[in-house]
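Examination of the molecular architecture
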Amino acid sequence: MMEEVSAVKMPNFIPSDPSLWFTMVESTFELAIPKPITASRTKYNYCVSILPPEIAITVRDIILSPYVTDPYSQLKSEIISRYGESKSQETRKLLAGEQLHDRKPSELLRIMQRRAENHNIADSLLLELFLQQLPPNVQSILASIQPLTPQKASEIENKYWI
């Protein structure tokens with residue numbers, strides 16, 4: 001039985017976070033009209049059709065010879081493993097210190113939490129790494145607050161962010 005053709009507007013690929021992109025793609029498939037897209041081959045075709053060339057080249061072997069049974073899952077896992085940052089790269093970036101620059105502290109914290117989420121990093125270490133990126137006067141103010149969590153520090157800092 002053929003799957004009914006559905007029309008969807010696919011999100012642009014996110015090179016810095018392919019896992020997030022696939023989550024967005026799967027939401028798009030669930031919202032397809034007239035009914036959700038469930039066939040692996042259809043999902044695969046939609047994804048392949050919008051991949052930027054540099055990503056397609058990275059998974060060229062999968063595109064040229066996909067699994068017959070579940071090509072979407074194969075494509076998804078290979079893009080994430082080949083194009084996503086490796087765990088060691090994420091850990092290095094987290095420990096090297098993501099910079100605040102023009103971002104709000106809450107934005108910086110979200111980036112740091114995303115990098116830490118697959119590494120079982122304790123909240124106390126994440127808080128210390130986050131605080132290191134804040135101006136010294138803010139660090140001293142936040143040091144007086146107990147108990148201090150990364151989220152609490154971010155909320156307080158955002159109130160004073162101009």
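Right, let's walk through the structure included here. No experiment lies behind these values; they were computed from the predicted model shown. (Residues numbered from 1 in each chain as written. Predicted model: local features only at pLDDT ≥ 70, side-chain atom pairs only at ≥ 80, totals over all residues. Heavy atoms only, no water.)

**Observations regarding the nonpolar core**
One finds Phe-29, Cys-47 and Ile-79 to be the most contacted residues of the largest nonpolar core, which totals 18 residues. Of all elements in the fold, only α1 (18-30), α2 (40-50) and α5 (71-83) reach the threshold of two or more residues within this core. The contacts of Cys-47, once residues within four sequence positions are left out, are Met-10, Trp-21, Phe-22, Val-25, Phe-29, Tyr-72 and Leu-75. (Core = buried A, V, L, I, M, F, W, Y, C linked by side-chain atoms within 4.5 Å. Buried < 20%, exposed > 50% of the residue type's maximum accessible area, 1.4 Å probe, protein only. Helix = DSSP H or I, 4+ residues; strand = E, 2+ residues; numbered from the N terminus. Contact = heavy atoms within 4.5 Å.)

**Side note on the packing of aromatic side chains**
Under the criterion given, the structure shown has five aromatic pairs. Centre to centre, the rings of Phe-13 and Trp-21 are 4.9 Å apart; their planes meet at 65°, and the pair counts as edge-to-face. Phe-13 sits in the buried class, given a relative accessible area of 10%. The class for Trp-21 is buried, based on a relative accessible area of 0%. (Phe/Tyr/Trp six-rings, centres within 6.5 Å; stacked < 30°, edge-to-face > 60°.)

**A few points about the side chain of Lys-43**
Topologically, Lys-43 is positioned in helix α2. At 6.0 Å, Glu-26 is the nearest oppositely charged side chain to Lys-43, a buried residue that forms no salt bridge. Leaving out residues up to four positions away in the same chain, Lys-43 has contacts with Phe-29, Ile-37, Thr-38 and Tyr-72. (Lys, Arg positive; Asp, Glu negative; His and termini not counted. Salt bridge = Lys/Arg side-chain N within 4 Å of Asp/Glu carboxyl O.)

**Details of the side chain of Thr-28**
Counting through the fold element by element, Thr-28 comes out in helix α1. In this structure Thr-28 comes out as buried when scored by relative accessible area, which is 16%. Residues in contact with Thr-28, not counting those within four places in the same chain, are Val-8, Lys-9, Met-10 and Pro-11.

**Topic: the packing of α2 against α5**
Packed helix pairs are specified by the crossing angle of their axes together with the interaxial distance, meaning the distance between the axes. The geometry of α2 relative to α5 is characterised by a closest axis approach of 7 Å and an angle of 40° between their N-to-C directions. Taken together, the axis directions place α2 and α5 in an arrangement best described as oblique. Note on element contacts: α5 touches α2 through Pro-71, Tyr-72, Ser-73 and Leu-75, opposite Ser-40, Arg-41, Lys-43, Tyr-44, Cys-47 and Val-48. For the contact of α2 with α5, a count of residues per class yields six nonpolar, two polar and two charged. (Axes fitted to C-alpha atoms, helices over the stretch in contact; angles between N-to-C directions. Parallel < 35°, antiparallel > 145°, perpendicular 65-115°, else oblique. Nonpolar A, V, L, I, M, F, W, Y, C, P; charged D, E, K, R; others polar.)

**What about the pattern of salt bridges?**
Pairing between side chains becomes possible if they bear opposite charge and their charged atoms approach one another. Counting across every chain of the model gives three salt bridges. For Asp-61, the salt bridge goes to Arg-82, with nearest N and O atoms at 2.6 Å. On the criterion of sequence distance, the pair formed by Asp-61 in helix α4 (residues 60-64) and Arg-82 in helix α5 is long-range, its members being 21 residues apart. By relative accessible area, Arg-82 is classed as partly exposed at 32%. For the salt bridge of Glu-78 with Arg-82, the shortest nitrogen-to-oxygen distance reads 2.8 Å. Taken together, the residues span about one helical turn, with Glu-78 and Arg-82 both in helix α5 at a distance of four residues. Its relative accessible area of 23% is what places Glu-78 among the partly exposed residues. Put simply, Asp-61, Glu-78 and Arg-82 are held in one network by salt bridges that share partners.

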